[in-house]
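Structural overview for review
Single-letter residue listing:
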Amino acid sequence: MFNPMQSAFYFSLHNNDKYYIAPTGAGKTAVIEMAILRALMDSKGNNIKIIYMAPTKSLCSERTKDWDKKFKSLDISCKEFTGDTDYTTLDSIKTSDIIVTTPEKWDSMTRRWTDYKEIMKYITLFVMDEVHILNEKRGAVLEACVSRMKTMEHTVRYVAVSATVPNIQDIADWLGATAISFSEDFRPVQLERVVYGIPFYGDSMFSFESKMDWKLLDMINKHSKGRPVLIFCSTRKSAQSSCEVLLKLMNQKNIQSLGHEIVDTSKIKDKKLADYLMKGVGFHHAGLETSDRQLVEQLFIQRKIRIVSTTSTLALGVNLPAHLVIIKSTKTYQNGALVDYSDIELLQMIGRAGRPGLEDSGCAVILTTPDMEQRYKTIMCGSNSIESCLHGNLVEHMMTEICLGTVIDIETCIKWLQSTFLYIRIKKNPSRYIIEQDGSFDSQSLTPSQVLKDICKKNIKMLTENDLVTTMDTNHGTFILKPTAYGIAMDRYCIKLETMITILKTETCSSIKDVLNLVSRAKEFEAMRFTVGEKPFLNALQNNVNIRFPISCKVATIADKIFLVIQCVLGDISLHTSTMGASLALASFQILLYASRIAKCIIDCSVYDQDAIRLTYTLELYRCIQAKMWTTSSYPLRQIEKIGPKYAKMLAKAGIKTLDQLRLTEASRIEVILHRNPPFGNQVK
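The structure presented is a predicted model; accordingly, all values stated were derived computationally and were not measured.

Once that is clear, we can look at the environment of cysteine 568. Relative to the assigned elements, cysteine 568 resides in helix α25 (residues 558-570). We classify cysteine 568 as buried; its relative accessible area is 0%. Sequence separation between cysteine 568 and alanine 585 is 17 residues; the distance between their C-alpha atoms is 9.7 Å. With residues near it in sequence (within four places) discarded, cysteine 568 still touches Leu541, Ile547, Ile573 and Leu575.

Quick look at the structure:
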């Protein structure tokens, strides 16, 4: 049975071609599914492709699992294409009916869309979830993707869903769609929203979070009505400290338990967690054993425990609804630094409160500082206008369009920009996007067309000055833009402009150390930070024999960190420590992904420059990064999936050191050596 919002949309869906909807409550998944079913019915059995784009990998995974089950009976295949999937091939796209992806992944795929023209013409429906991310830095990628799709020579229906935004018509105009907005009255479960600005005079947000721990019990008693509560924290440590302080407060007030039943903790591996669960309180984060996490989820769903303190990642992954959601501080820990939660992260967390079918009401509480109180009240009520962020890194997206042939001169550049949400907002709010000029001028006198032209000229100038684009004069007194070999490499590997400039200005790379140093200085790593304990840990590695290239002084910059972390991975040095946990090890996966792309770009540039020395050393480093080991490693088998360092050493002790020796070894002997059961031996051969 449809709720009122879904019923209203159903009528519009079957009487219009394009839509933009902005439901503020639950039920949007059913709306998206109606649009998919409509597209399938209209296809009349013909081969079509449906694109569903969501901002997070976890949301993509959730949708893929759900739709794979739902549409399987209709013989409709649903596949996920994100950074976590490695089967993004032409054949896999051909065999997929519903493609679930992120803006970043679709951007990288459609940069070569001219190669996929035969497939792209089958796309009939393009669904964008959480489209309000246009307001964030990542929104630029979404905007570029959609504008690129609009340049394709066939009709695509666009359906976009979003949280409440005041300028819904702007997004509708951009998509050429009908705007349908639903008020809070359409929300199946009414949600109370409260923001507390709590005075704080310290200099650390960690101290602020610690202070908030002592206010949690009062908040729970005031807003929970005795129902389930989720507490979102910035770090794993903070999630555990919330439980610890709650127990202290319960003891002070002689509260025996916040749960409804006695919990069996015999299967819990974490002793502290077991103690907390006995009191009806638990914590949940990626540092727990999988079995412990699953048990906490199960106990919470069954209402055996009432309180779960967790990190913000839970809001994007596991579906654990509650009556009350408390966001303990508005800062989160990302890439080694405390930053404000993005709007989408906040809305995802708030969305866990009062889920339909499980609660008849809900409440979301945000604890922040007084100076930020108004900002979060504005976000909570959806009164922030959505602005474009495309102008912030437009040069990289413009490079792509030049490579695709969409942009060949100033006129086509302006035409392309007129297909973007940026142009819609320039017409409404031009002063926000004006390029700084030499001398004085009246910003109010500039028309949207002039602002757009200035943006084009500025970015084309940057590309030509750095030898990424060349201009060819025509017989008509104009010029045509053509990408250089460097520009093509920059686009192919999604390299930032600053990194490309660094690569082109580096004159000599006469060793692996030089190439590694060049990779480590890339702009792609700018968002990474030092976490507590990392500098002493990295400094202590300077004397490790497996660090080939120690730095000459103490670790001071992010480039130093990247330089050493890559060597740790290649040299089989553990990045897990008792003080830092697995944070550095997890960061190393992202570091290697970036390093691999940058190395491939350097390889292409070296081939074009006919620089044999740089090419030789970059190829060697690239091979090492791909294998996650130096070429001179004593344990080459550790590069094989499912073997790794531990098994490689066990096999080496048994006299199996090379790939050929492993290939000639009986599967049963491999299993005996490694103490594994069949069919493990055949899987690694």
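We now examine the packing of helix α21 (residues 485-492) against helix α26 (residues 583-609). Viewed as axis vectors pointing N to C, α21 and α26 meet at an angle of 165°, and their least axial separation amounts to 9 Å. Classified by the angle their axes make, α21 and α26 are roughly antiparallel. For the pair α21 and α26, the crossing hand works out as right-handed. For the pair formed by α21 and α26, the contact residues are Ala485, Tyr486, Ala489, Met490 and Arg492 on the first element and Cys601, Asp604, Cys605, Tyr608 and Asp609 on the second. Here the residues of the contact of α21 with α26 sort into 7 nonpolar, no polar and 3 charged.

So, about helix α9 (residues 205-213). Of all the residues in α9, the buried ones are Phe208, Glu209, Met212 and Asp213. Within α9, the buried residues cover an arc of 150° as seen down the axis, which keeps them to one side.

Residues Val281 and Phe283 of strand β10 (residues 281-284) are buried on one face, and the alternating residues Gly282 and His284, pointing to the opposite face, are buried as well. Inspection of the sheet shows β10 paired to strand β11 (residues 307-311) by 4 bridges, in the parallel sense. Paired with phenylalanine 283 across the bridge in β11 is serine 309.

Looking at the secondary structure, you find threonine 420 in the loop between α18 (410-417) and α19 (421-428). Relative accessible area serves as the criterion here: at 1%, threonine 420 is assigned to the buried category. A polar contact is formed between the side chain of threonine 420 and the backbone oxygen of leucine 417, at a distance of 2.5 Å. In contact with threonine 420, not counting residues within four places along its chain, are Glu143, Ser147, Trp174 and Leu390.

On to the environment of threonine 577. Mapped onto the elements of the fold, threonine 577 is located in the loop between α25 and α26. Of the residues examined, threonine 577 reaches a relative accessible area of 18% and is grouped as buried. Put simply, threonine 577 and phenylalanine 537 are 40 residues apart on the chain and 8.7 Å apart in space, counted from C-alpha to C-alpha.

With that settled, consider the packing of aromatic side chains. Two numbers describe a pair of aromatic rings. These are the distance of the centres and the angle of the planes. Within the structure shown, the criterion is met by 9 aromatic pairs. Summarising the aromatic geometry, the rings of phenylalanine 126 and tyrosine 158 are spaced 5.9 Å apart at their centres and angled 55° between planes, so their arrangement reads as tilted. Pair noted here: phenylalanine 126 is in strand β5 (residues 123-128) and tyrosine 158 is in strand β6 (residues 157-161), with a separation of 32 residues, a long-range link. Overall, phenylalanine 126 belongs to the buried group, its relative accessible area being 0%. For tyrosine 158, a relative accessible area of 4% corresponds to the buried category. Taking 5.4 Å as the distance between ring centres and 70° as the angle between the ring planes, the aromatic pair formed by phenylalanine 200 and phenylalanine 208 counts as edge-to-face.

Evaluation of the coordinates by the stated rule reveals 2 cavities of 30 Å³ or more. Volume-wise, the second largest cavity comes out at about 30 Å³. Surrounding the second largest cavity, Met53, Ala54, Pro55, Pro103, Met128, Asp129, Glu130, Ile133 and Leu142 form its lining. Of the residues belonging to the lining of the second largest cavity, the class tally is 7 nonpolar, no polar and 2 charged.

Here we take up the pattern of salt bridges. Within this structure, the stated rule accounts for 27 salt bridges. Across the pair glutamate 33 and lysine 70 runs a salt bridge whose closest N-O atoms are separated by 2.8 Å. Taken together, the residues span a long stretch of sequence, with glutamate 33 in helix α2 (residues 28-43) and lysine 70 in helix α3 (residues 57-72) at a distance of 37 residues. What makes glutamate 33 buried here is its relative accessible area of 14%. As a salt-bridge pair, arginine 663 and aspartate 660 come within 2.5 Å of each other at their nearest N and O atoms. A residue pair is termed a helical-turn pair when its members lie 3 or 4 positions apart in one helix, as arginine 663 and aspartate 660 do in helix α29 (residues 659-664) at 3 residues. Residues joined by salt bridges that share partners form a network here, namely Glu33, Glu62, Arg63, Asp66 and Lys70.

Moving on, we come to unusual backbone geometry. The omega torsion across proline 678 and proline 679 is 5°, close enough to zero to call that bond cis. With respect to the secondary-structure elements, proline 679 resides in the loop between α30 (667-674) and α31 (680-684). Phi at cysteine 494 is positive, roughly 55°, even though this residue is not glycine. Within the fold, cysteine 494 resides in the loop between α21 and α22 (497-505).

Residues Leu37, Met41 and Leu74 make up a contiguous nonpolar surface patch of about 290 Å² in total accessible area. Tracing the sequence through the fold places methionine 41 in helix α2. We classify methionine 41 as exposed; its relative accessible area is 52%.

In this section: the sheet that holds β10. Taken together, 6 strands build an open sheet; the order of strands is β8-β15-β12-β9-β11-β10 and the sheet is parallel. A single partner strand is all that each edge strand has here, and the edge strands are β8 (190-197) and β10. Between one strand and the next, the sheet's axes are offset by a mean angle of 15°, whatever the strand orientation. Against the sheet, helix α11 (residues 236-252) touches β9 (229-233), β10, β11 and β12 (324-328), its axis set at about 175° to β10. Strands in contact with helix α13 (residues 290-301) are β9, β10 and β11; relative to β10, the strand with the most contacts, it is inclined by about 135°.

Calculation criteria
Here the residue numbers are simple positions, counted from 1 along each chain's written sequence. Reporting in this predicted model follows two pLDDT cut-offs: at least 70 for local features of residues, and 80 or more for side-chain atom pairs to be given and counted; totals over whole chains, interfaces and linings ignore these cut-offs and use all residues. The basis for the side-chain values is all heavy atoms of the structure; hydrogens and waters are excluded. Strands are runs of DSSP state E lasting at least two residues, helices are runs of H or I lasting at least four, and both sets are numbered from the N terminus onward. A 1.4 Å probe rolled over the protein chains alone gives each residue an accessible area, and that area as a share of the maximum for its type sets the label: buried under 20%, exposed over 50%, partly exposed in between. Contact criterion: two residues are considered in contact whenever any of their non-hydrogen atoms come within 4.5 Å of each other. Note on definitions: angles span 0 to 180 degrees between N-to-C directions of axes, and those axes are lines fitted to C-alpha atoms, for helices only across the stretch in contact. Oblique is the label for any angle not under 35 degrees, not over 145, and not in the 65 to 115 range, which are roughly parallel, roughly antiparallel and roughly perpendicular in turn. Rotating anticlockwise by less than a right angle from the far helix to the near helix defines a left-handed crossing, while the corresponding clockwise rotation defines a right-handed one. Classes in brief: Ala, Val, Leu, Ile, Met, Phe, Trp, Tyr, Cys and Pro nonpolar; Asp, Glu, Lys and Arg charged; the others, Gly included, polar. The directions from the helix axis to the C-beta atoms are what the arc is built from. Strands were regarded as paired on the criterion that DSSP finds at least two bridges between them. N or O atoms closer than or at 3.5 Å make up a polar contact, with two conditions inside protein: a donor-capable atom paired with an acceptor-capable one, and, for residues adjacent in sequence, both atoms drawn from side chains. Stacked, edge-to-face and tilted labels apply to pairs of Phe, Tyr and Trp rings (six-membered ring for Trp) whose centres lie within 6.5 Å, assigned for plane angles under 30 degrees, over 60, and everything in between, in that order. Lining residues are defined by having an atom within 4 Å of a point belonging to a cavity or pocket. Those points lie on a 1 Å grid over the protein atoms alone, cavities being sets where a 1.4 Å probe fits but cannot get out and pockets being open sets with protein on both sides within 12 Å along at least five of seven lines. Grid points are joined across faces, edges and corners, and a volume is the space filled by probe spheres set on the points. Salt bridges are identified by distance alone: a Lys or Arg side-chain nitrogen within 4 Å of an Asp or Glu carboxyl oxygen. A patch consists of residues whose relative accessible area exceeds 30% and which take part in no salt bridge; residues with like charges are grouped when within 9 Å of each other, and nonpolar side chains (Val, Leu, Ile, Met, Phe, Trp, Tyr) when within 5 Å. Surface accessibility in these figures is a Shrake-Rupley result with a 1.4 Å probe; residues are shielded only by whichever protein chains are displayed.

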